[in-house]
Amino acid sequence: MAREHFLIIFFGERMIMLCLCLFLICRYIKKGFLKVDAENQIIDCKLKDMIQAHKEILSVILNIVVVAFLIYVFIGIYIPFFKDLTYVYSGEYPYIEGVVIKDPNIVSSNKIELYNVTIKDAKTGEELRVSLYGKNGIWTGDEIKAEYLPNSEVGILLEKKKERENKCLEEY
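So, here's what we can say about the structure. Note that the coordinates shown come from a computational prediction; the quantities given were computed from them, not determined experimentally. (Residues numbered from 1 in each chain as written. Predicted model: local features only at pLDDT ≥ 70, side-chain atom pairs only at ≥ 80, totals over all residues. Heavy atoms only, no water.)

### Comments concerning helix 3 (residues 55-90)
Line of reasoning, step 1. In this model, helix 3 (36 residues) spans 52 Å end to end at C-alpha, consistent with the 52 Å of a helix rising 1.5 Å per residue.
Line of reasoning, step 2. If you look at helix 3, its biggest bend is around 35°, right at Tyr78, and the proline Pro80 turns up within four residues after that.
Line of reasoning, step 3. In this structure, the buried side of helix 3 is in contact with helix 1 (3-31) and strand 4 (143-149).
Line of reasoning, step 4. At the C-terminal side of helix 3, Gly91 shows a positive phi close to 80°. (Helix = DSSP H or I, 4+ residues; strand = E, 2+ residues; numbered from the N terminus. Expected span 1.5 Å × (residues − 1). Bend = angle between axes of the 7 residues up to and from the residue. Contact = heavy atoms within 4.5 Å.)

Right under this line is the structure:
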């Protein structure tokens, strides 16, 4: 996978999430908090009486969930995203070389997948958990080289030396 494809996927995911967040924020600013109302539903459901009786409580719960989602997205996704922009603009990504000590147990056949792996760095000896875009699976014991964004913990698999040819066949 080329670095450009990785950046398109990575930034595409973040932009879709940003659009959703901006929509919710604009909706809150323009119309106020979300309200649950059983009377204006197009589909008649059996829970209509229960929803109508508890609409204030349900509205509060719905708004708490939406606000918690927005806070999570901002803190968990966008702060690391903005910290990693310096690597993207400079074009100099940190890379890691090491051995996979925990694999995702996903078998892929020549298509790009996202693998959540734990790598033991060959230079420092520290363990790094990172999500890597790559092809044809990553297994425990594989020696890999990858570029990644350290704050977002997402990267691209550059090369891999296989420990085993096909782990899937050995298990069955």
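### Focus on the environment of Lys120
Line of reasoning, step 1. Structurally, Lys120 can be placed in strand 2 (residues 112-121).
Line of reasoning, step 2. Overall, Lys120 belongs to the partly exposed group, its relative accessible area being 41%.
Line of reasoning, step 3. Here the alpha-carbon distance between Lys120 and Lys102, two residues 18 residues apart in the chain, equals 9.3 Å.
Line of reasoning, step 4. Ignoring any residue separated from it by four or fewer positions in sequence, one finds Lys120 in contact with Glu97, Gly98, Val99, Ile101, Gly125, Glu126 and Glu127. (Buried < 20%, exposed > 50% of the residue type's maximum accessible area, 1.4 Å probe, protein only.)

### Observations concerning the packing of helix 1 against helix 3
Line of reasoning, step 1. At a closest axis distance of 10 Å, the pairing of helix 1 and helix 3 adopts a crossing angle of 140°. Relative to helix 3, helix 1 is oriented oblique. In this structure, helix 1 crosses over helix 3, and the sense of that crossing is left-handed. Contacts between helix 1 and helix 3 involve Leu7, Phe10, Phe11, Arg14, Met15, Met17, Leu18, Leu20, Cys21, Leu24, Ile25 and Tyr28 on the former and, on the latter, Asn63, Val66, Val67, Phe69, Leu70, Val73, Ile77, Tyr78, Phe81, Leu85 and Val88.
Line of reasoning, step 2. Grouping the constituent residues of the contact of helix 1 with helix 3 by class yields 21 nonpolar, 1 polar and 1 charged. (Axes fitted to C-alpha atoms, helices over the stretch in contact; angles between N-to-C directions. Parallel < 35°, antiparallel > 145°, perpendicular 65-115°, else oblique. Left-handed = near helix turned anticlockwise from the far one by under 90°. Nonpolar A, V, L, I, M, F, W, Y, C, P; charged D, E, K, R; others polar.)

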